[in-house]
Amino acid sequence: MVSHGAKAPFSVWRLGPISLRFEQRALVAAVGLTFGLLLVSLLSLSAGSYPMNALEALKSALGVGDQAHDFIVHQIRLPRLLTGVLAGAAFGVSGAIFQSLARNALASPDVLGFNAGCSLGAVAAIVFISTDVLTVTLGAVLGGVIAAALVFGLAWQNGIAPFRLILIGIGIGAMLYASVDFLLTRTDIYRAGQAIEWLIGSLNARNWGHVERTSIGLVLLLPIALSLQYGLNRLALGDDLATGLGLSINRLRLLACLVGVLLVALAVSVVGPIAFVAFVAGPIARRIAATSSAALGTSALVGAIVLTAADIAGRVALPETDLPAGVFTAILGAPYLLWLLSTQFRKGIL
Amino acid sequence: MTWTFSPIETPGQLRWWRILKMLCLASCLGMVALAAVAIGAKAIPLGDIVNAVYAFDVSNPNHVIIIDLRLPRLVQGLLVGASLGVAGVLMQSITRNPLADPGLLGLNAGAALAVVLAIWHLDLSSQSSLVWFAFAGTGTASILVYFFGAAGRGGATPVRLALAGAALNAMLFSIVSAILITQRETMDVYRFWIAGSLGNAETATIAPLLPYTVLGFAIALAIARDLNALSLGHDLGRSLGTRMVRAHALTLIAVTLLCGTSVAMAGPIGFIGLVIPHIGRALFGPDLRPLLLAAATLGPIVLLTADIAGRVVLPPGEIEVGIVAALVGGPLFVWIVRRIRLGHL
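Residues numbered from 1 in each chain as written. Chains lettered and ligands numbered in written order. Predicted model: local features only at pLDDT ≥ 70, side-chain atom pairs only at ≥ 80, totals over all residues. Heavy atoms only, no water.

1. Some words on the overall build of chain A
Item 1. The helix and strand tally for chain A stands at 14 helices and 2 strands.
Item 2. Principal-axis analysis of the C-alpha atoms gives chain A an extent of 55 × 50 × 40 Å.
Item 3. When burial is assessed residue by residue, chain A has 54% of its 350 residues classed as buried.
Item 4. Counting only contacts in chain A whose residues sit at least 6 apart along the sequence, the fraction spanning at least 24 positions is 70%. (Helix = DSSP H or I, 4+ residues; strand = E, 2+ residues; numbered from the N terminus. Buried < 20%, exposed > 50% of the residue type's maximum accessible area, 1.4 Å probe, protein only. Contact = heavy atoms within 4.5 Å.)

Here it is, written out as structure tokens:
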């Protein structure tokens, strides 16, 4: 199975008539990332203004801790952690899908303005209709779909050049964020100063209702998204080759875009338009798994870890206050974007 | 789509044609300025406006509104619009980038961050002291964005600059948000001029900044010829005798002065600097000397129109001019991006 001196890119497991082929590195990466996620989760449960060590947090999470710790963990930290993990996974998968479709690491939903569209839809629903959970989520979905249609439609000029897509995404995103800003001036949270927190995205005060929403959405969408992996891998070979392999590329693209937008809408309706999680999850996942395919599952894990880590940083960075997670993702994600730009410029890709 | 209406044959005729267009623009500006004073939550008849200026009567509430609220707002709108328009022309000319704009390239974000830091750490709140920080922030941001956009072969193409600006915007505004969320007092002072509003204009805030704006305009006019030469390309410009370092440095200073004062007066307003040069170029061609004057006239026209629109769309409240500019400027930006062919970027 392994030739001398060469690193095997894949292994095959055989069990009777069934054989399964997988990449070793990807499996190791997935297992490693899962462990990383568990570690980060433990950290998240124990960090914060009410300090507790990891063992107490673990006991509370399992339901055998003492009452004071139990309350904090069960009512505050556990739902916050789970919301972060699920939303981060949704962001990560969505980012990986769009980056694979556009064949460019810069084309992620936050750069392309989809976050802004979902956020506009959600805020519009809150301001004009009601704060009912279903309405807000539907608003976010509608906003995201309209933003995606706008950006892709306007970028279409006999095909979509990546730079035009990104520039138009930036422009539409700026316009949509201005609209969100305007709508927020009409609400109470603007006067209460919470508008900034909403605009930048945060995990504050997330409860079990949020967890429920996100998990239902992910249970529906994640299997569909992961099943797209096969098609996306073939699509990355190029349109002609993919068609030759029997793929209906336009249907696949439409489905992938739809799933991507729905995932982003789900995440934004729960935690706000947190930037850069979708952007960084894909490239990091691909680097860890040492693969050039879209690595959707790995991206989900990386996205979950990134968002949870940003939330932890927000809670421990300053002694008295909680900073929203969105601040840290932007502070860390923007330099990464600048670095990525300079490497892509140097390679002449952009 | 090209216009082929061209009865102009000599440079002299061209000059007269341009003067005519400038006069039209100036009268347009006069009308918009009058409208800006007359229109609002309370409509004021034109006769009152004239009386307020020439025969001020303290007991007449209309006169008070005009002198205390609407006139300063008009003056601020004129200054900010002209500054942003001229700054946009300078930026698009020196970077040869049709998409350059103080908001898009992160200059406004830099000024905002510097001002917030000043309010937070140094407890400053007066315009004349804050404006220096706005300058520092704008200057630093322009150097940073150019540095990042110019990495790699090929130099700073429009796409790279726009992307570097977007990244810088995200980073700087997130730091601003972090500070504002945690510092309530800073937020109260800062909220006074964020979102790009002409609403808090007072003579006391405009007067100290006026010299810097005038200086910025003066520098811009002085380097207009050098920038004309540079627009042919850096090599050609150098061979035509332009002193490169001087031209770049003076442009940076002028842009910093103009953008810094406009952010200090009215907060970050984007997209004006983007679209004014395009409209100006469509009317007057790429020569910078008439273009700068045109930008100084078109800028206030567009900004005041946006301000009026923001005031009349949803009475008695108003939409801040920065938001209107983004709502209108966003589609215009998209239109510009679509028009530019691959080779021209």
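2. Quick look at the overall build of chain B
Item 1. Secondary structure assignment for chain B yields 15 helices and 0 strands.
Item 2. Burial status across chain B gives 54% buried among its 345 residues.
Item 3. Considering only contacts in chain B between residues 6 or more positions apart, those separated by 24 or more positions represent 74%.
Item 4. Total accessible area on chain B is roughly 15,000 Å²; 69% of this is exposed by carbon and sulfur atoms. (Areas by Shrake-Rupley, 256 points an atom, 1.4 Å probe, with all protein chains shown as cover.)

3. Quick notes on the packing of aromatic side chains
All names here are of chain B.
Item 1. Within the structure shown, the criterion is met by 9 aromatic pairs over all chains.
Item 2. Residues Trp132 and Tyr212 carry aromatic rings whose centres are separated by 5.3 Å and whose planes lie at 80° to one another, so their mutual orientation is edge-to-face. In this pair, Trp132 sits in helix α5 (residues 127–149) while Tyr212 sits in helix α9 (residues 210–222), placing the two residues 80 residues apart along the sequence.
Item 3. Over the ring of Phe284 we find Lys21, and its NZ or CZ is 5.6 Å from the ring centre. (Phe/Tyr/Trp six-rings, centres within 6.5 Å; stacked < 30°, edge-to-face > 60°. Lys NZ or Arg CZ within 6 Å of the ring centre and 35° of its normal.)

4. Let's talk about the pairing of strand β1 (residues 11–15) of chain A
Residues and elements named next belong to chain A.
Item 1. Across 5 bridges, β1 lies against strand β2 (residues 18–22) in antiparallel orientation. Residue Ser11 lies in a different strand from β2, and its bridge partner there is Phe22.
Item 2. Once β1 ends, the chain turns through 2 residues before running back antiparallel as β2, passing Gly16 with a positive phi of about 65°. (Pairing = 2+ DSSP bridges.)

5. Side note on the environment of Val53(B)
Item 1. Relative to the elements of secondary structure, Val53(B) occurs in helix α2 (residues 46–54).
Item 2. Distance in space between the C-alpha atoms of Val53(B) and Leu71(B) is 9.6 Å, their sequence separation being 18 residues.

6. Observations concerning the interface of chain B and chain A
Item 1. At the interface, 42 residues of chain B touch 48 residues of chain A.
Item 2. Interface area for chain B against chain A, summed over the two sides, is near 3,700 Å², with a carbon-plus-sulfur share of 77%.
Item 3. By the criterion of area lost to chain A, the three top residues of chain B are Leu163(B), Ile181(B) and Arg338(B), representing 17% of everything that side buries.
Item 4. Counting every contact that joins chain B to chain A gives 0 salt bridges.
Item 5. At the junction of chain B with chain A, the criterion picks out 2 residue pairs in polar contact (both at pLDDT 80 or more).
Item 6. Those elements giving two or more residues to the side of chain B that touches chain A turn out to be α5, α6 (158–182), α7 (184–190) and α15 (321–339) of chain B.
Item 7. With 16 residues, α6(B) is the single largest residue contributor to the side of chain B that touches chain A.
Item 8. Along the lines of polarity and charge, the residues of the side of chain B that touches chain A split into 29 nonpolar, 6 polar and 7 charged. (Buried area = accessible area lost by both parts, 1.4 Å probe. Salt bridge = Lys/Arg side-chain N within 4 Å of Asp/Glu carboxyl O. Polar contact = N/O pair within 3.5 Å; in protein donor to acceptor, adjacent residues only side chain to side chain. Nonpolar A, V, L, I, M, F, W, Y, C, P; charged D, E, K, R; others polar.)

7. Focus on the pattern of salt bridges
Item 1. Overall, the coordinates contain 8 salt bridges over all chains when judged by the stated rule.
Item 2. Residue Asp226(B) is joined to Arg246(B) by a salt bridge in which the shortest nitrogen-to-oxygen separation is 3.2 Å. Of this pair, Asp226(B) sits in helix α10 (residues 224–230) while Arg246(B) is found in helix α12 (residues 244–266), placing the two residues 20 residues apart along the sequence.
Item 3. The exposure class assigned to Asp226(B) is buried, which follows from its relative accessible area of 16%.
Item 4. Several salt bridges share partner residues, and in doing so they unite Arg80(A), Asp311(A) and Arg315(A) into one network.

8. As for the confidence of the model for chain A
Item 1. Looking at chain A, the pLDDT average stands at 82 and 93% of residues meet or exceed 70.
Item 2. The low-confidence segment residues 1–6 of chain A (pLDDT under 50) makes 3 contacts with residues lying over four places distant or belonging to another chain. (pLDDT = per-residue confidence, 0-100.)

9. Let's talk about the packing of helix α1 (residues 24–46) of chain A against helix α12 (residues 277–289) of chain A
Residues and elements named next belong to chain A.
Item 1. At a minimum axis separation of 8 Å, α1 and α12 run at an interaxial angle of 120°. The angle between the axes of α1 and α12 places the two elements in the oblique class. Across the interface between the two elements, Arg25, Ala26, Ala29 and Leu33 from α1 touch Arg287, Ile288 and Ala289 from α12.
Item 2. For the contact of α1 with α12, a count of residues per class yields 5 nonpolar, no polar and 2 charged. (Axes fitted to C-alpha atoms, helices over the stretch in contact; angles between N-to-C directions. Parallel < 35°, antiparallel > 145°, perpendicular 65-115°, else oblique.)

10. Describing a nonpolar patch on the surface
All names here are of chain A.
Item 1. A contiguous nonpolar patch, built from Leu27, Val31, Phe35 and Leu38 and spanning about 400 Å² of accessible area, is present on the exposed surface.
Item 2. Along the chain, the position of Val31 falls in helix α1.
Item 3. The class of Val31 is partly exposed, set by a relative accessible area of 44%. (Patch = residues over 30% accessible without salt bridge, like charges linked within 9 Å, V, L, I, M, F, W, Y side chains within 5 Å.)

11. Section: the side chain of Thr261(B)
Item 1. Relative to the helices and strands, Thr261(B) resides in helix α12.
Item 2. Polar contacts involving the side chain of Thr261(B) include one to the main-chain carbonyl oxygen of Leu258(B), which spans 3.0 Å.

12. Description of helix α3 (residues 67–102) of chain A
Residues and elements named next belong to chain A.
Item 1. For α3, built from 36 residues, the straight-helix expectation of 52 Å at 1.5 Å per residue is met to within 8% by its first-to-last C-alpha distance of 51 Å.
Item 2. The largest bend along α3 reaches roughly 40° and is located at Val73.
Item 3. The element α3 is largely enclosed, with a buried count of 28 among its 36 residues.
Item 4. At the exit of α3 stands Arg103, carrying a positive phi of roughly 55°. (Expected span 1.5 Å × (residues − 1). Bend = angle between axes of the 7 residues up to and from the residue.)

13. Considering helix α13 (residues 272–284) of chain B
All names here are of chain B.
Item 1. A rise of 1.5 Å per residue sets the reference length of α13, with its 13 residues, at 18 Å; its end C-alpha atoms lie 18 Å apart and thus fit the reference within 8%.
Item 2. Buried residues of α13: Ile272, Gly273, Leu274, Val275, Ile276, Pro277, His278, Gly280 and Phe284, and no others.
Item 3. Residues of α13 that are buried sit in contact with α1 (11–38), α3 (61–94), α14 (288–313) and α15.

14. What to know about the side chain of Asp101(B)
Residues and elements named next belong to chain B.
Item 1. If you trace the backbone, Asp101 turns up in the loop between α3 and α4 (107–122).
Item 2. Although Asp101 lies buried, it forms no salt bridge, and the closest oppositely charged side chain, Arg281, sits 11 Å away as judged by the N-O distance.
Item 3. One polar contact links the side chain of Asp101 to the main-chain amide nitrogen of Leu274, over a distance of 3.0 Å.
Item 4. For Asp101, the contacting residues outside a window of four places in its chain are Met91, Gly270, Phe271, Ile272, Gly273 and Leu274. (Lys, Arg positive; Asp, Glu negative; His and termini not counted.)

15. Regarding unusual backbone geometry
All names here are of chain A.
Item 1. One non-glycine residue, Arg103, lies in positive phi territory at about 55°.
Item 2. Note that Arg103 resides in the loop between α3 and α4 (114–128).
Item 3. Given the relative accessible area of 47%, Arg103 is considered partly exposed.
Item 4. For Ala295, which is not a glycine, the phi torsion comes out positive at approximately 50°.
Item 5. Considering the arrangement of structural elements, one finds Ala295 in the loop between α12 and α13 (296–316).
Item 6. Given a relative accessible area of 7%, Ala295 falls into the buried group.

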